[in-house]
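Architecture and fold: a report
The chain contents come next:
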Amino acid sequence: MAVDLKGRSFLTLKDFTTEEIEYLVDLAAELKAKKKQGIFDGRMLHKNVALIFEKPSTRTRCAFTIGCTDEGAHPEYLGKDDIQLGHKETVEDTARVLGRMFDGIEFRGFSQKTVETLAKYSGVPVWNGLTDEDHPTQVLADFLTIKEKIGHLKGVRFVYIGDGRNNMANALMIGASKMGMDFVIVAPESLYPEEELVACCKGYAKESGASITITADVAEGVKGADVIYTDVWVSMGEEEKAKDRIALLTPYQVNRALMEQTGKASTIFMHCLPAVREKEVTEEVLEGSQSVVFDEAENRLHTIKAVMVATIGN
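Figured I'd write up the structure that's included with this text. Predicted model only: the values in this text are computed from it and were never measured. (Residues numbered from 1 in each chain as written. Predicted model: local features only at pLDDT ≥ 70, side-chain atom pairs only at ≥ 80, totals over all residues. Heavy atoms only, no water.)

A few words now on unusual backbone geometry. Geometrically, the link from Leu273 to Pro274 is a cis peptide bond, its omega value of 0° lying close to zero. Within the element layout of this structure, Pro274 appears in the loop between strand S9 (268-271) and helix H11 (283-286). A positive phi is found at Leu273, a non-glycine position, where the angle reads about 65°. Among the secondary structure elements, Leu273 is positioned in the loop between S9 and H11. Looking at Leu273, the relative accessible area reads 12%, which means it is buried. (Helix = DSSP H or I, 4+ residues; strand = E, 2+ residues; numbered from the N terminus. Buried < 20%, exposed > 50% of the residue type's maximum accessible area, 1.4 Å probe, protein only.)

What follows is the structure, encoded as structure tokens:
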């Protein structure tokens, strides 16, 4: 089946089939290989891309900017103090103005509703660079990294440990359940994901042959893991909860002992970055031989470029 994503927004992996997600990961691999060879096809020549950032960013901003310039597009950075989004002007009106000037819009900020509204009213593809609920471009980078290191996605035992209801846990559960992975969340019960999302993902899992397990038991959860993945314990906007969150999640730190509990020397360690060393992960693991975090970081560029090429490319 031919995959055509032209004109589509990229707001959440819920909107994409297994085949479409696989296509984006494979396209990213192709674009990565070409970049290594110095080949650039200019697939977005004369396109203009708006980059809206309510939240600061290293990987997302750099990936969109370089992805645009590699393929001939012009990226325009719009920080929270550069435009009137949601303040002096409604999101709907901003969307309609930007949609008449730009070929695509990236949004990184707080509300999933904002990125959905931009997509509804702009008339051009909108890409979710991160919201409080979801982070789909990161998941594509994670999947490309897993394919590079393990060779496949289906059947991989993927264990996410830490805050089980943050945007990364959500996004990974959606993606893993679509791709036939055995997905495990290891978290304290007070930080389990929303039941509605779990039910939704179990529906995807039934179709793809995936499984979803949610447990507070670290030893049981990490056993046999092909991937151990964690994220910061305190998300942007939750800083006042730091002390309580650290106390709650310290037993879920990824350290040498935890990595050994998988029972597999081949287990890889992943983190979307930035990491708080000696909190959710020790320096020893982050800098160790099983860590692939900087491969993941680079792959943000190639997968984000793939999303833009697939949806607005020539």
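Next, the rest of the story.
Further remarks concern the nonpolar core. Of all hydrophobic cores here, the largest spans 61 residues; its most connected members are Phe143, Ile146, Phe158, Met181 and Tyr229. The residues contacting Ile146, other than those within four sequence positions of it, are Gly151, His152, Leu153, Val156, Phe158, Met181, Val227 and Met270. (Core = buried A, V, L, I, M, F, W, Y, C linked by side-chain atoms within 4.5 Å. Contact = heavy atoms within 4.5 Å.)

What follows is about the sheet that holds strand S4 (residues 126-130). The 4 strands are arranged S2-S1-S3-S4 in an open sheet whose pairing can be described as parallel. Two strands lie at the open edges of the sheet, namely strand S2 (74-79) and S4, each paired on one side alone. Sheet twist, expressed as the mean angle between neighbouring strand axes with direction ignored, is 20°. Where strand S3 (residues 104-108) meets S4, 4 bridges bridge the pair, whose relative direction is parallel. The residue bridging Phe107 from the neighbouring strand is Asn128, located in S4. (Pairing = 2+ DSSP bridges. Axes fitted to C-alpha atoms, helices over the stretch in contact; angles between N-to-C directions.)

All right, on to the packing of aromatic side chains then. A complete count under the given rule lists 6 aromatic pairs for this structure. Judged by centre distance (5.2 Å) and plane angle (55°), the rings of Phe10 and Phe16 are tilted. The two residues Phe10 and Phe16 agree in class, both being buried. With 5.7 Å between their ring centres and 35° between their planes, Phe158 and Phe183 make a pair best called tilted. One end of the pair, Phe158, is in strand S5 (residues 157-161); the other, Phe183, is in strand S6 (residues 182-186), and 25 residues separate them in sequence. With respect to class, Phe158 is no different from Phe183; both count as buried. An aromatic cluster of at least three residues, connected via ring pairs, comprises Phe158, Tyr160, Phe183 and Tyr229. Sitting over the ring of Tyr77, Arg61 keeps its end group 3.6 Å from the ring centre. (Phe/Tyr/Trp six-rings, centres within 6.5 Å; stacked < 30°, edge-to-face > 60°. Lys NZ or Arg CZ within 6 Å of the ring centre and 35° of its normal.)

Taken as a whole, this structure holds 22 salt bridges when the rule is applied. Here Lys305 makes a salt bridge to Asp70, at a shortest N to O gap of 3.0 Å. Of the two residues, Lys305 is situated in helix H12 (residues 293-312) and Asp70 in helix H2 (residues 59-70); the sequence distance between them amounts to 235 residues. Summarising the burial analysis for this pair, Lys305 and Asp70 share the class buried. For Arg277, the salt bridge identified is with Glu283, shortest N-O distance 2.9 Å. Here Glu283 falls in the partly exposed class, since its relative accessible area comes to 36%. By sharing partners, the salt bridges in this structure join Glu30, Lys34, Asp41 and Arg43 into a single network. (Salt bridge = Lys/Arg side-chain N within 4 Å of Asp/Glu carboxyl O.)

Another aspect to go through is the sheet that holds S6. Two orientations exist for strands paired in a sheet by backbone hydrogen bonds: parallel and antiparallel. An order of S7-S6-S5-S8-S9 is seen for the 5 strands of this open sheet, with the pairing classed as parallel. At either margin of the open sheet sits one strand with a lone partner, and together these are strand S7 (211-215) and S9. Here the strands of the sheet are splayed against their neighbours by 20° on average, with no regard to which way each runs. Two strands pair when backbone bridges link them, and S6 and S7 are joined in this way by 5 bridges, in the parallel orientation. By the bridge assignment for S7, Phe183 is matched with Ile212. Helix-sheet contacts for helix H6 (residues 167-178) involve S5, S6, S7 and strand S8 (227-230), and the interaxial angle to S6 is about 160°.

Let's shift gears to the environment of Ala29. As for its position among the elements, Ala29 is in helix H1 (residues 18-36). Separated by 144 residues in the primary sequence, Ala29 and Met173 have C-alpha atoms spaced 22 Å apart.

Where like charges cluster on the molecular surface, the negative patch consists of Asp15, Glu116, Glu133, Glu194, Glu195 and Glu196. Structurally, Asp15 can be placed in the segment before H1. (Patch = residues over 30% accessible without salt bridge, like charges linked within 9 Å, V, L, I, M, F, W, Y side chains within 5 Å. Areas by Shrake-Rupley, 256 points an atom, 1.4 Å probe, with all protein chains shown as cover. Lys, Arg positive; Asp, Glu negative; His and termini not counted. Charge placed at Lys NZ, Arg CZ, Asp CG, Glu CD.)

Structurally, the position occupied by Thr58 is in the loop between strand S1 (48-53) and H2. Taking the relative accessible area as the measure of exposure, Thr58 reaches 49% and is therefore partly exposed. Along the backbone, Thr58 and Glu196 are 138 residues apart, and their C-alpha atoms lie at a distance of 32 Å.

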